[in-house]
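Take a look at the letters that make up each chain.
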Amino acid sequence: MRVLVVEDARALAEVVAEGLRDQGMAVDVAHDGLAAAAKLDVNAYDVVVLDRDLPGIHGDILCQMITERDDRAMVLMLTAAGAPGDRVSGLTLGADDYLAKPFHFPELILRIRSLARRRPAARARTLRAAGLELDPVRRTALRDGRQLELSVKEFAVLEALLRTAPGFLSAEDLLEQVWDENADPFTNTVTVTVGRLRRKLGAPPVITTTPGVGYRIVDAPAVP
């Protein structure tokens, strides 16, 4: 899942971003409306966590810009303006959810995950393929009923592959969905992470690689 945090209070923005990264999300940060608009033109986001009182482009205008897109992100307004009237006006602008500051971080995580599931292209909460079962909310992953102990990045890579199955994801796709805009595209980060994930999934292998195309989840070959 890829999230854009738009917050002009830099310390808060970094705290939120790091907390979401700890949950396996790929997170970019913008500190004003202009920077956010530029990132939205380049990257595809599942959820935008949006402050209202932003410099450059006001959060209300940015919210309307997002909701006018054909393949738009879901918008969670995270703002100090928490009166009932503020909430109503924010939702009227097209925001999908509204959370007032100060907030409880576990609630923020649950709301973001809920919004991502509500996107038109989103799939069911529990992802299943090739004997694998992954629940992004409960943070559980199983293979043939066996609990898998995965790192945050390994879990996120498996989630991305399961969401795309039986299609392919290139290394560049995984960098975009699992890491963030600061990831170095010339490193072997994806290869190393997929290698560790394969070892933890065990035999027979269910992640295949097609050179020049990418990775995908396939059914394990039947045991004779």
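Above this text is the structure in question.
Only a predicted model underlies this, so the values are computations on that prediction, with no experimental measurement involved. What you see as residue numbers is a count from 1 along each chain, following the sequence as written. Per-residue local features are limited, in this predicted model, to residues with pLDDT of at least 70; the limit for side-chain atom pairs, both in listing and counting, is 80 or more; totals at the level of whole chains, interfaces and linings are taken over all residues. Computation of side-chain values: all heavy atoms of the structure, hydrogens and water removed.

A. Up close: the packing of helix α2 (residues 33-42) against helix α3 (residues 59-67). Orientation is described by axes fitted as lines to C-alpha atoms, over the contacting stretch for helices, and by angles from 0 to 180 degrees between their N-to-C directions. Numbering of helices and strands runs from the N terminus; a helix is a DSSP stretch of H or I covering at least four residues, while a strand is a stretch of E covering at least two. Contact pair α2 / α3: the axes reach a minimum separation of 10 Å and the direction vectors enclose 10°. One element, α2, and the other, α3, form an angle in the roughly parallel class. Residue-level inspection shows G33, A36, A37 and L40 of α2 in contact with α3, the latter providing L62, M65 and I66. Polarity classes work like this: nonpolar for Ala, Val, Leu, Ile, Met, Phe, Trp, Tyr, Cys and Pro, charged for Asp, Glu, Lys and Arg, and polar for all others, with Gly in that last group. Looking at the contact of α2 with α3, its residues break down into 6 nonpolar, 1 polar and no charged. Any angle between 65 and 115 degrees counts as roughly perpendicular, while under 35 counts as roughly parallel, over 145 as roughly antiparallel, and the rest as oblique. Whether two residues are in contact is decided by their heavy atoms, any of which lying within 4.5 Å being enough.

B. Region of the structure containing the packing of aromatic side chains. In this analysis, rings of Phe, Tyr and Trp, with Trp reduced to its six-membered ring, are considered paired at centre separations within 6.5 Å, and the interplanar angle assigns stacked below 30 degrees, edge-to-face beyond 60, and tilted for intermediate values. Under the criterion given, the structure shown has 1 aromatic pair. Seen in terms of ring centroids, F103 and F105 are 6.4 Å apart; in terms of plane orientation they differ by 35°. Their pairing is tilted. Judged by relative accessible area, which is 23%, F103 ranks as partly exposed. Burial classes: relative accessible area under 20% of the type maximum marks a residue as buried, over 50% as exposed, and values in between as partly exposed (1.4 Å probe, protein chains only).

C. Highlighting the sheet that holds strand β5 (residues 97-100). Spatially, β2-β1-β3-β4-β5 is the arrangement adopted by the 5 strands of the open sheet, whose pairing is parallel. A strand with exactly one partner marks an edge of an open sheet, and here the two such strands are β2 (26-30) and β5. Across the sheet, the mean angle separating the axes of adjacent strands is 20° when strand polarity is ignored. Alignment of strand β1 (residues 2-6) against strand β3 (residues 47-50), held across 4 bridges, turns out to be parallel. Residue pairing for β3: V3 is matched across the bridge by V47. Helix α5 (residues 105-118) contacts β1, β3, β4 (74-79) and β5 of the sheet and is inclined by roughly 160° relative to β4. Paired strands, in this sense, are two strands between which DSSP finds at least two bridges.

D. Molecular detail of the pattern of salt bridges. Here, a salt bridge means any Lys or Arg side-chain nitrogen found within 4 Å of an Asp or Glu carboxyl oxygen. Applying the stated criterion across every chain, the model contains 14 salt bridges. For D51, the salt bridge goes to K101, with nearest N and O atoms at 3.7 Å. With D51 in the loop between β3 and α3 and K101 in the loop between β5 and α5, this residue pair connects regions lying 50 residues apart in the sequence. Where D96 meets R72, a salt bridge forms, and the shortest distance between an N and an O atom there is 2.7 Å. Here D96 is found in the loop between α4 (84-92) and β5, whereas its partner R72 is found in the loop between α3 and β4, with 24 residues between them in sequence. Beyond isolated ion pairs, a larger network of salt bridges with shared partners links E7, D51 and K101.

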